[in-house]
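Survey of secondary and tertiary structure
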Amino acid sequence: MNEDDWKPLGQREIRRQRLKSFSRKIDLRGCHTAICSCSGVFATSEIEPDTITLATRPSVRIFNPNGTLLSEDGWKSGRIVYMFFAVDLELLNIVTEDGKLLQFDLGMKLLTSFSVSSEQILEAETFRTENTLGLVILTMNGNFSILPNYENSLKRLDIGPIMQDVPDCWTVISSKNRNYILSATKANFYTVAVDGTSRVEVHPINISKTFNKLMQLTSSLCGNYCAGTTDSGIQLILSSKTLEVITELNTAAKIKSPPISAALLTQRSESLGPVAALLWTEFLVLLDTDKNWAIYDLESFSAILEEKDGIRIIGSRFQDFLTSVSESTKQASSTTGAGAMLVDGYEMIAANNERGEEIIAVLRDENSPECTLVDAIEQCISAATHEFDPALQKKYLKAASFGLVLSEDFDPNVFANTNRIMRVLNQLRSAPGLAISIDQFRELGPMGVVGRLQSRGLYQLCWTVMDYLQLERKFPNIKKDLLTSWARTLVRDCEEHEYDKVTRKISSKVDQLKVG
């Protein structure tokens, strides 16, 4: 693919940007895959055959965002059913068929394990709550259990069966500020609140074309929408509130098999409705509520994860980010937007082209309120934050800096703060780092970023981020705490014969940084 791939989708434009290219091929086919939100770290493990033998036991592998192996360990517990990462920390959680949840750090060190079910587990799925992740479990007997906080098995709610048989498919949705299990069997939906306070309700599945059952259901991150697939090849987008079909598209003529997985893109598109991202073996189909569609060739077996602001894609040799193009990026890259005019004007003036002065004059014209210099500056600054390519960031920020010289109506602190954040993001995106967007950075916050870097042992990068964000002003002891953590890690991981060497290294660093 091109490093930057735009496609029209109805009234939107969708953009696929390359976050990382891998130096080695990672085969995701036939694997459980977990992707860490606001990070880019991912984990894989081969799906085991029905008959387990010592010779066929898989390994669990955790990879950095750039595809380098972070850790690996042979799996010795029960058959893996589901893997997921925590929301607030880069911790890998593994649910096993024999009813256990095991939690590991990124070095595959077991942190805790506990029972989450007294029955054999068939499937599991997480859902977002206000502060953490909840976990829903479906057992082989067709019984549902819910952990409102996946780390607290003492508060497990046993819902029991929702219908007579194991459902064809199910997910967790949100409606009227409550979470519900949504399951489908044949031509009906069945819903029940995850807090166990409501009766099971039955709703007919209203689709215009004939079908026998739903093969797949996937809820959006916010839980307000669902994507589904029927056995007859109809792709659906549904409202979680009404369970009515918003749109349906028959793909059976060209694609016989159901998608491997699905996700929903809702960022920057509430007025236009959601976009369903349907993943097949080597391509991704995007479908909006007006039946507009687009296809991205992925060239390999891949996995996807819905983020707050887009969809993260892991392929055999890449990690990409798919998002709806922001209005500021449109204006800064179009031919008529104020931001684009400022970019063109600046570049022409830099090249001694008189046409540049004419363009800037139009932006400064007070009789042209729809295309002002202030708008142009704001669009260029905002557009820069959505770029992963430093060259494009510089292009927009240079134009914005030039515009600031000509305007007294724009706060220069906004530009200075954006520059500081972009320096941090570019450092974070360096290998192995964090492959995150500006919105994900804001969601984590500075201390969340520091915590992730520290837990992964990226102390030098963590120190650099602290400097760029000037965190010591707000947290005077933050660097001392980081140095202490670094020293503890060195001592913990060293062999006995290395104590003197490690002690000298710590002492030297303390002297160098003048930390008492």
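Here's what I pulled together on the structure shown here. The residue numbers shown here count from 1 along each chain, following its written sequence. Per-residue local features are limited, in this predicted model, to residues with pLDDT of at least 70; the limit for side-chain atom pairs, both in listing and counting, is 80 or more; totals at the level of whole chains, interfaces and linings are taken over all residues. Side-chain metrics in this entry use all non-hydrogen atoms of the structure; hydrogen atoms and water are not considered.

A look at a negative patch on the surface
Note the following rule: Patches here are clusters of residues that have more than 30% relative accessible area and form no salt bridge, with a 9 Å joining cutoff for like charges and a 5 Å cutoff for nonpolar side chains (Val, Leu, Ile, Met, Phe, Trp, Tyr). Using the Shrake-Rupley algorithm and a 1.4 Å probe, accessible areas are obtained, with residue cover drawn only from the displayed protein chains. Put simply, a salt bridge is a Lys or Arg side-chain nitrogen that is within 4 Å of an Asp or Glu carboxyl oxygen. When charges are counted, Lys and Arg contribute as positive and Asp and Glu as negative, whereas His and the chain ends are disregarded. Taken as the charge centre is NZ of Lys, CZ of Arg, CG of Asp or CD of Glu, depending on the residue. Note on conventions: DSSP H or I runs of at least 4 residues are helices, E runs of at least 2 residues are strands, and numbering of each starts at the N terminus. Each residue gets one of three labels from its accessible area relative to the maximum for its type: buried under 20%, exposed over 50%, partly exposed in between, using a 1.4 Å probe on protein chains only.
A cluster of acidic residues, Asp365, Glu366, Glu408 and Asp409, forms a negative patch at the surface. Mapping Asp365 onto the fold places it in the loop between helix H3 (355–364) and helix H4 (373–385). Look at Asp365 and you get partly exposed, because its relative accessible area is 37%.

Comments concerning the nonpolar core
The condition is simple: Note on terminology: a nonpolar core comprises buried Ala, Val, Leu, Ile, Met, Phe, Trp, Tyr and Cys residues joined through side-chain atoms within 4.5 Å. For this analysis, residues touch if any pair of their heavy atoms sits within 4.5 Å.
Ranked by internal contacts, the top residues of the largest apolar core, which has 50 residues, are Leu342, Leu363, Ile377, Leu428, Phe441, Val449 and Leu453. Secondary-structure elements contributing two or more residues to this core are helix H2 (338–350), H3, H4, helix H5 (390–405), helix H6 (412–428), helix H7 (438–455), helix H8 (459–468) and helix H10 (478–493). Those residues in contact with Leu428 that sit more than four places away from it in its chain are Gly433, Leu434, Ile436, Phe441, Val449, Leu453, Leu461 and Val465.

Comments concerning the sheet that holds strand E16 (residues 178–185)
Selection rule: Any two strands are treated as partners once DSSP identifies two or more bridges connecting them. To obtain each axis, a line is fitted to C-alpha atoms, and for helices this fit is confined to the stretch in contact; angles are then taken between N-to-C directions over 0 to 180 degrees.
Here we have four strands laid out as an open sheet, ordered E15-E16-E17-E18, and antiparallel in their pairing. Two strands lie at the open edges of the sheet, namely strand E15 (169–175) and strand E18 (201–204), each paired on one side alone. Sheet twist, expressed as the average angle between the axes of neighbouring strands with direction ignored, equals 30 degrees. Pairing analysis gives four bridges linking strand E17 (residues 188–193) to E18, with the strands arranged antiparallel. Paired with Tyr190 across the bridge in E18 is Val202.

Structural notes on the pairing of strand E12 (residues 133–139)
A large share of E12 lies buried, amounting to seven of its seven residues. Burial of E12 is two-sided: the residues Leu133, Leu135, Ile137 and Thr139 facing one way and the residues Gly134, Val136 and Leu138 facing the other way are all buried. Where strand E11 (residues 121–128) and E12 come together, seven bridges link them in antiparallel fashion. Paired with Glu125 across the strands is Val136, a residue of E12. Where E11 hands over to E12, the hairpin turn is made up of four residues, counted between the paired strands. Bridge count for E12 against strand E13 (residues 143–147) is four bridges, and the pairing is antiparallel. From the neighbouring strand, Ile137 faces E13, where its bridge partner is Ser145. Once E12 ends, the chain turns through three residues before running back antiparallel as E13, passing Gly142 with a positive phi of about 85 degrees.

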